[in-house]
Protein chains: 2
Amino acid sequence: MATLGDVAALAGVSISAVSRVLSNDASARVSATTRTRITEAAKALNYRPNFAGRALKFSRSNVIALIVPDLTNAVFAELMRGVEDGALERGYVVLLARAEDMQPGGEMIDRLLGEGRVDGVLLQVGDHVAPEALASMLRAANPTVLVNSVHPGFSGSVTLDDIAAGRLATEHLLTLGHTRIALINGLTTTHTAQQRAIGFREALAAASGAGTAPGPDAAADSGPITWHGYEPRAGRAALRELMDAAEPPTAVVVANINAAIGVLGEARVLGIRVPEELSVVAIHDAWTAENTWPPLTTVRMPLYELGRRGVDALYARLHGETIADTVVSDPPPELLVRESTAPPIRR
Amino acid sequence: MATLGDVAALAGVSISAVSRVLSNDASARVSATTRTRITEAAKALNYRPNFAGRALKFSRSNVIALIVPDLTNAVFAELMRGVEDGALERGYVVLLARAEDMQPGGEMIDRLLGEGRVDGVLLQVGDHVAPEALASMLRAANPTVLVNSVHPGFSGSVTLDDIAAGRLATEHLLTLGHTRIALINGLTTTHTAQQRAIGFREALAAASGAGTAPGPDAAADSGPITWHGYEPRAGRAALRELMDAAEPPTAVVVANINAAIGVLGEARVLGIRVPEELSVVAIHDAWTAENTWPPLTTVRMPLYELGRRGVDALYARLHGETIADTVVSDPPPELLVRESTAPPIRR
DNA sequence: ATGAAAGCGCTAACAC
DNA sequence: GTGTTAGCGCTTTCAT
């Protein structure tokens with residue numbers, strides 16, 4: 001690893017001259033000859049500015065941490081890509097971390113930040129994190145931006161339009177002619193699940209309001225909602241529960257694609273044919289949706305853009321700006337009709 | 001961010017005293033009183049050693065990079081966990097990077113290493129990387145360890161026992177009574193695919209050798225092999241190809257679980273019932289295997305241990321030891337029988 | 001037992 | 001135009 005000193009020696013100039021040239025200081029006055037001598041020497045030695053030296057000088061690492069609950073969740077693939085691209089564009093490197101290692105109470109994050117390893121944190125909080133645990137790491141001037149999550153009293157979240165997603169998925173089923181529709185949702189504690197439930201109810205209410213006279217109790221019009229979580233096994237449990245009812249649904253909105261995969265599996269076990277006897281539409285798209293049977297109808301969310309906007313927000317915060325919560329709705333949620341949804345069977 | 005100087009000032013001692021105490025220098029002679037004064041001051045100020053300062057001093061970052069072709073591939077989940085755990089144990093932090101960003105020709109890796117951001121690299125090379133591209137970054141004293149891959153002339157790989165995996169999967173189908181067995185494999189260029197093919201042929205040869213008289217041309221005994229790749233769509237293409245044959249197989253070994261998911265999907269499209277008309281066993285286990293229909297029989301590989309051993313090897317290399325190639329076979333590949341395999345139909 | 005000082009690689013203010 | 005110098009936070013001789 002060649003240093004500035006090495007380059008300076010080879011070029012026969014001072015260290016500061018080299019520094020000026022190689023960091024392309026605009027206001028640097030250097031003769032053309034020395035400039036070429038320096039750049040050539042640097043190239044010959046394959047010079048790269050030492051990371052630690054810079055970080056020490058600037059007290060800034062140009063690294064941001066991205067923390068997601070589960071790295072292998074295909075849903076986060078796009079998010080990560082967006083973050084990486086946004087970061088690269090701004091000269092940042094992304095340190096990807098497992099939320100697992102971040103327990104308990106953000107000790108690991110404190111370390112990352114406290115030791116100056118990273119300048120800021122992009123945090124997608126997992127479903128099972130208690131708000132209290134979050135509170136400790138969101139205190140004070142902590143350069144953190146929440147992605148896809150919110151926290152009471154914390155300003156600096158960037159989220160998706162989950163209401164629209166819930167509405168879109170539900171409208172699709174209504175359009176097909178379904179009337180008994182259920183929502184297989186995430187945990188009640190999560191903001192995303194709450195939002196998706198709102199969209200679900202909105203669509204149902206609008207339909208019943210338009211189609212029939214507005215009932216006195218709109219609540220009775222709304223379909224059943226389960227709140228088991230976003231994992232495949234949560235989807236399985238939810239479906240069993242719903243199918244036990246006296247009048248089981250003919251269609252379900254599943255708030256997460258992974259849970260939907262569980263729903264599909266459980267439907268097979270229960271002998272329920274999809275889409276003939278049960279239509280399934282899931283929120284979030286991923287490669288897995290094309291490889292289930294039947295292929296899953298999904299609502300594609302702008303996760304890539306979410307990642308980029310998250311970096312934008314963190315960048316702004318790192319530069320002293322106070323940032324407001326933002327909802328990423330461009331491009332808007334998009335319905336991808338595959339083969340898991342169909343009109344209900346007449347009988 | 002409190003510095004050593006801050007702690008020293010608060011404790012009323014010199015900076016060097018603080019350094020000695022806080023880095024628990026065993027050979028440091030310090031009075032009990034100053035020691036407690038220092039530790040208390042450090043605690044009061046929530047002191048954390050500055051990363052850049054240390055890295056600069058030691059010319060060592062205590063960070064290793066883990067590069068995998070696709071972060072969201074469930075197969076790598078275990079690998080990552082093993083790496084993280086192994087690294088943490090040794091006081092290292094893991095910088096997770098997309099192979100995507102590493103193109104072309106390892107420019108990004110050169111940067112990571114050249115700027116001193118990481119001390120070494122754990123590299124799982126993707127299927128589509130040309131050996132020439134790899135050669136440039138594996139030259140000289142590059143502190144790199146290949147995981148799950150090999151490179152001609154490069155010593156420092158840690159791999160799995162893919163021969164045993166191929167053999168185990170094939171033996172399972174043989175035991176069920178299948179005689180027309182095919183291998184849906186990865187690209188010919190990948191070491192893992194080659195090894196799995198060896199195991200596949202070994203099992204077939206052993207069976208034909210034991211069951212009948214050893215034929216003069218053992219090659220004729222071996223089942224057909226396709227080499228399309230490890231992705232779902234590669235699996236689909238492979239199945240279509242195999243089923244076009246005059247005597248299609250009654251069972252397939254799929255060299256990768258993701259390809260196997262594609263195989264299952266394509267079987268549905270072709271109207272082939274699994275396992276009645278076609279048994280499917282895949283190498284590598286993941287949560288997805290439990291959620292396909294039917295649930296996939298798989299061969300579980302010790303990927304967690306692979307990760308840990310990879311860190312071991314890199315650590316050794318970073319400390320000047322020359323390391324040999326190693327094969328991680330403890331625990332050995334394990335067959336997980338689910339519902340995608342069954343005896344062939346008699347006719 | 002404790003402190004002073006040098007130096008890791010870099011940048012920027014300040015000479016000349 | 002170019003060089004000298006101080007200092008970012010840390011560890012480690014070397015004095016005392």
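Residues take numbers from 1 onward in each chain, read along the sequence in its written order. By the order in which they are written, chains take letters starting at A while ligands take numbers starting at 1. Per-residue local features of the predicted model are confined to residues with pLDDT of at least 70, and side-chain atom pairs are confined, for both listing and counting, to 80 or more; whole-chain, interface and lining totals are unaffected and use all residues. Neither water nor hydrogens contribute to the side-chain values; these are computed over all heavy atoms in the structure.

Looking up chain A in an unreviewed UniProt entry gives the name LacI family transcriptional regulator, with the organism given as Subtercola boreus.

Peer 1: What exactly am I supposed to notice about the packing of helix 11 (residues 232-243) of chain B against helix 12 (residues 257-270) of chain B here?
Peer 2: When two helices pack together, their arrangement is captured by the angle between the axes and the distance separating the axes. Residues and elements named next belong to chain B. One way to put it is that helix 11 packs onto helix 12 with a least axis distance of 7 Å and a crossing angle of 50°. By the criterion of interaxial angle, the relationship of helix 11 to helix 12 is oblique. Crossing handedness for the pair helix 11 and helix 12: right-handed. Contacts between helix 11 and helix 12 involve Pro232, Gly235, Arg236, Leu239, Arg240 and Met243 on the former and, on the latter, Asn258, Ala259, Gly262, Val263, Gly265, Glu266, Ala267, Val269 and Leu270. Ten residues, namely Ala, Val, Leu, Ile, Met, Phe, Trp, Tyr, Cys and Pro, are considered nonpolar, four, namely Asp, Glu, Lys and Arg, are considered charged, and the remaining ones, Gly among them, are considered polar. Of the residues contributing to the contact of helix 11 with helix 12, the split by class is eight nonpolar, four polar and three charged. For helices, the fitted line uses only the C-alpha atoms of the stretch in contact; every axis is such a line through C-alpha atoms, and the angle between N-to-C directions lies from 0 to 180 degrees. Elements are defined by DSSP. Helices are runs of H or I of four residues or more, strands are runs of E of two residues or more, and each kind is numbered from the N terminus. Working definition: roughly parallel below 35 degrees, roughly antiparallel above 145 degrees, roughly perpendicular at 65 to 115 degrees, and oblique for all remaining angles. If you view the pair so one helix is near and one far, a crossing is left-handed when the near helix is turned anticlockwise from the far one by less than a right angle, and right-handed when it is turned clockwise. It only takes one pair of heavy atoms within 4.5 Å for two residues to be counted as in contact.

Peer 1: Help me understand the pairing of strand 3 (residues 120-123) of chain A, please; the structure alone is not making it clear to me.
Peer 2: The side chains of a regular strand alternate, residue by residue, between the two faces of the sheet. Residue and element names in this part refer to chain A. In strand 3, alternate side chains face the same way, and those of Gly120 and Leu122 on one face and Val121 and Leu123 on the other are all buried. A pair of strands is labelled paired if DSSP reports no fewer than 2 bridges between them. Note: strand 3 against strand 4 (residues 144-147), three bridges, orientation parallel. In the sheet register, Leu122 faces strand 4, and the bridge partner there is Val145. A 1.4 Å probe rolled over the protein chains alone gives each residue an accessible area, and that area as a share of the maximum for its type sets the label: buried under 20%, exposed over 50%, partly exposed in between.

Peer 1: Hey, could you run me through the protein's contact with DNA strand D in this one?
Peer 2: One heavy atom within 4 Å of a molecule or strand makes the whole residue count as near it. Taken together, 25 residues lie near DNA strand D, and A:Ser16, A:Arg29, A:Thr34, B:Leu4 and B:Tyr47 sit nearest. A breakdown of the atoms of DNA strand D within 4 Å of the protein gives sugar and phosphate a share of 55%. Each polar contact in these results corresponds to two N or O atoms within 3.5 Å; when the atoms are within protein, one needs to be able to donate a hydrogen and the other to accept it, and residues that are neighboring in sequence are counted only if both atoms are side-chain atoms. For DNA strand D, a phosphate oxygen lies 3.0 Å from a polar atom in the side chain of B:Ser19. B:Asn50 places a polar main-chain atom, nitrogen or oxygen, 2.8 Å from a phosphate oxygen of DNA strand D. Breaking the surface near DNA strand D down by element, the ones donating at least two residues are helix 2 (15-22) and helix 4 (51-58) of chain A together with helix 2 (15-22) and helix 4 (51-58) of chain B. A class-by-class count of the residues in the surface near DNA strand D yields nine nonpolar, nine polar and seven charged.

Peer 1: Sorry if this is basic, but what is going on with the relation of the copies chain B and chain A here?
Peer 2: Both copies of the chain are placed relative to one another by a rotation about an axis and a shift along it. We place the copies in one frame by least squares, fitting the C-alpha atoms of every residue whose pLDDT is at least 70 in both. The two copies are related by a screw motion: chain B maps onto chain A through a turn of 180° and a shift of 0.1 Å along the axis, at an RMSD of 0.1 Å. The superposition of one copy onto the other is thereby described by a two-fold rotation axis. Of every C-alpha in chain B, the one belonging to B:Thr72 sits nearest the axis of rotation, 2.0 Å from it. Mapped onto chain A, 100% of the interface residues of chain B again fall at the interface, so both copies present the same surface.

Peer 1: Hey, could you run me through the sheet that holds strand 12 (residues 334-336) of chain B in this one?
Peer 2: Within a sheet, each strand pairs with its neighbour through backbone hydrogen bonds, oriented either parallel or antiparallel. All names here are of chain B. Ordered by their spatial adjacency, six strands build an open sheet running 7-6-8-9-10-12, and the pairing between neighbours is mixed. Two strands lie at the open edges of the sheet, namely strand 7 (225-227) and strand 12, each paired on one side alone. On average, each strand axis in the sheet is tilted by 20° relative to the strand beside it, whichever way the strands run. As defined by bridge partners, strand 10 (residues 297-300) adjoins strand 12 across three bridges and the pair is classed as antiparallel. The residue of strand 12 that forms the bridge with Thr298 is Leu336.

Peer 1: Just to check I follow, could you spell out the layout of surface pockets for this structure?
Peer 2: Considered as a void within the structure, the second largest pocket measures approximately 1400 Å³ in volume. Put simply, the grid is 1 Å and covers the protein atoms alone, a cavity is a trapped set of points that fit a 1.4 Å probe, a pocket is an open set with protein on both sides within 12 Å along at least five of seven lines, and lining residues have an atom within 4 Å of a point. Lining of the second largest pocket is provided by 44 residues; of these, A:Gly114, A:Glu115, B:Arg48, B:Pro49 and B:Asn50 occupy positions nearest its centre. Within the residue set of the lining of the second largest pocket, elements represented by two or more residues are helix 4 and helix 6 (107-114) of chain A together with helix 2 and helix 4 of chain B. It is helix 4 of chain B that contributes the most residues to the lining of the second largest pocket, seven residues altogether. When the residues that make up the lining of the second largest pocket are grouped by side-chain class, the tally is 18 nonpolar, 15 polar and eleven charged. Grid points are joined across faces, edges and corners, and a volume is the space filled by probe spheres set on the points.

Peer 1: Is there a simple way to think about the sheet that holds strand 10 (residues 297-300) of chain A in this case?
Peer 2: Residue and element names in this part refer to chain A. With respect to topology, six strands assemble into an open sheet ordered 7-6-8-9-10-12, the strand pairing being mixed. In this open sheet, the two strands that pair with only one neighbour each are strand 7 (225-227) and strand 12 (334-336). Taken over all neighbouring pairs, the strand axes of this sheet differ in orientation by 20° on average, direction set aside. Pairing between strand 9 (residues 279-283) and strand 10: three bridges, direction parallel. Opposite Ala282, over in strand 10, you have Thr298 as the bridge partner. Strand contacts of helix 12 (residues 257-270): strand 6 (181-185), strand 8 (251-254), strand 9 and strand 10, with the helix running at about 160° to strand 9, the strand carrying the most contacts.

Peer 1: Hey, could you run me through the protein's contact with DNA strand C in this one?
Peer 2: Around DNA strand C, the structure places 25 residues, and the nearest of them are A:Leu4, A:Tyr47, B:Ser14, B:Arg29 and B:Ser31. Put simply, 57% of the atoms of DNA strand C that lie within 4 Å of the protein are in sugar or phosphate. With respect to DNA strand C, the backbone of B:Ser14 contributes an N or O atom lying 2.7 Å from a phosphate oxygen. With respect to DNA strand C, the side chain of B:Arg20 contributes an N or O atom lying 2.8 Å from a base nitrogen. Elements represented by at least two residues in the surface near DNA strand C include exactly helix 2 and helix 4 of chain A together with helix 2 and helix 4 of chain B. The class makeup of the residues in the surface near DNA strand C is nine nonpolar, nine polar and seven charged.

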